[in-house]
Amino acid sequence: MYDLRELYQQVIVDHARAPRNFGRLENATQTIQGFNPLCGDKFTFYVALKDGSIDAVRFEGSGCAISTASASLMSEAVESKTPSEAREMITRFQKMVTAPLGTDPSTGDLGKLGILSGVREFPVRIKCATLAWHSLRAALDGEEAVISTE
Ligand code: ZN
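The rules we used
Residues numbered from 1 in each chain as written. Predicted model: local features only at pLDDT ≥ 70, side-chain atom pairs only at ≥ 80, totals over all residues. Heavy atoms only, no water. Helix = DSSP H or I, 4+ residues; strand = E, 2+ residues; numbered from the N terminus. Buried < 20%, exposed > 50% of the residue type's maximum accessible area, 1.4 Å probe, protein only. Donors = N, O, S within 2.8 Å, 3.2 Å for Na, K, Ca; no water. Expected span 1.5 Å × (residues − 1). Phe/Tyr/Trp six-rings, centres within 6.5 Å; stacked < 30°, edge-to-face > 60°. Lys NZ or Arg CZ within 6 Å of the ring centre and 35° of its normal. Axes fitted to C-alpha atoms, helices over the stretch in contact; angles between N-to-C directions. Parallel < 35°, antiparallel > 145°, perpendicular 65-115°, else oblique. Left-handed = near helix turned anticlockwise from the far one by under 90°. Contact = heavy atoms within 4.5 Å. Nonpolar A, V, L, I, M, F, W, Y, C, P; charged D, E, K, R; others polar.

## Structural notes on the side chain of serine 117
Looking at the secondary structure, you find serine 117 in the loop between helix H3 (83-98) and helix H4 (126-140). Looking at serine 117, the relative accessible area reads 12%, which means it is buried.

## Quick look at the coordination of the zinc ion
Angles at a metal have ideal values that depend on geometry: 109.5 degrees with four tetrahedral donors, 90 or 180 degrees with six octahedral donors. Taken together, the protein ligands of the zinc ion are Cys39 (SG), Asp41 (OD), Asp41 (OD), Cys64 (SG) and Cys128 (SG), with distances of 2.2 to 2.6 Å. Mapped onto the sequence, the residues coordinating the zinc ion show the spacing C-x1-D-x22-C-x63-C. In this pair, aspartate 41 is assigned in strand S2 (residues 41-50) and cysteine 64 in the loop between strand S3 (53-62) and helix H2 (65-77), connecting sequence segments 23 residues apart. In this pair, the class of aspartate 41 matches that of cysteine 64, namely buried.

## Here we look at H2
Because an α-helix completes one turn every 3.6 residues, residues spaced three or four positions apart along the sequence face the same direction. In a regular helix each residue adds 1.5 Å, so 13 residues correspond to 18 Å; H2 covers 18 Å between its end C-alpha atoms and thus fits that length. Within H2, ten of the 13 residues are buried, leaving the element largely enclosed by the surrounding structure. Those residues of H2 that fall on the buried side of the exposure criterion are Ile66, Ser67, Thr68, Ala69, Ser70, Ala71, Ser72, Leu73, Met74 and Ser75.

## Focus: the packing of aromatic side chains
Applying the stated criterion across every chain yields a total of five aromatic pairs. With 5.5 Å between their ring centres and 75 degrees between their planes, phenylalanine 43 and phenylalanine 59 make a pair best called edge-to-face. A residue pair is termed long-range when its members are at least 10 positions apart, and phenylalanine 43 in strand S2 and phenylalanine 59 in strand S3 qualify at 16 residues. Joined through ring pairs, the aromatic side chains of Phe22, Phe43, Phe45 and Phe59 make up one cluster. Its end group placed over the ring of phenylalanine 35, lysine 42 keeps NZ or CZ at 5.2 Å from the ring centre.

## Some points on the packing of H3 against H4
In contact at an axis separation of 10 Å, H3 and H4 are set at 160 degrees when each is read in the N-to-C sense. By the angle class used here, H3 and H4 are roughly antiparallel. When you trace H3 past H4, the crossing you get is left-handed. Residues Pro83, Ala86, Arg87, Met89, Ile90, Thr91, Phe93, Gln94, Val97 and Thr98 of H3 pack against Ile126, Ala129, Thr130, Trp133, His134, Leu136, Arg137 and Leu140 of H4. Its residues placed into classes, the contact of H3 with H4 shows eleven nonpolar, five polar and two charged.

That is the geometry; function is a separate question.
Quick look at the structure:
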């Protein structure tokens, strides 16, 4: 168990240090600003929809390790998914990180994203982990807005 946690930690640190899909997306069809005032995480998310699926997700800004890693992992996970597949993933992710401690977080087919279930041990970080996902949902809903976790 310890080794597994260690591995999870490494993946988060890796994505926080070298976030994937970081930067502006010129052909974005949706742009959303996500803000978590509790921690100070602030990102702009760019989503490009093409032929009924998510062509690319990019983000820029700054935040803590958890919010950055979550955004990075999210941007990889939803690429080439349809909006409805992405919505299902958002719902599953939120269920996972809010599942009570001591219960199986049910990561289902979230794959690598399952590593973020560890934030359940640190309730204050849950909003860090979900910021990218709230923002993606807002982008898919077609909102042109600023999303705040508060
Ligand atoms: Zn944070």
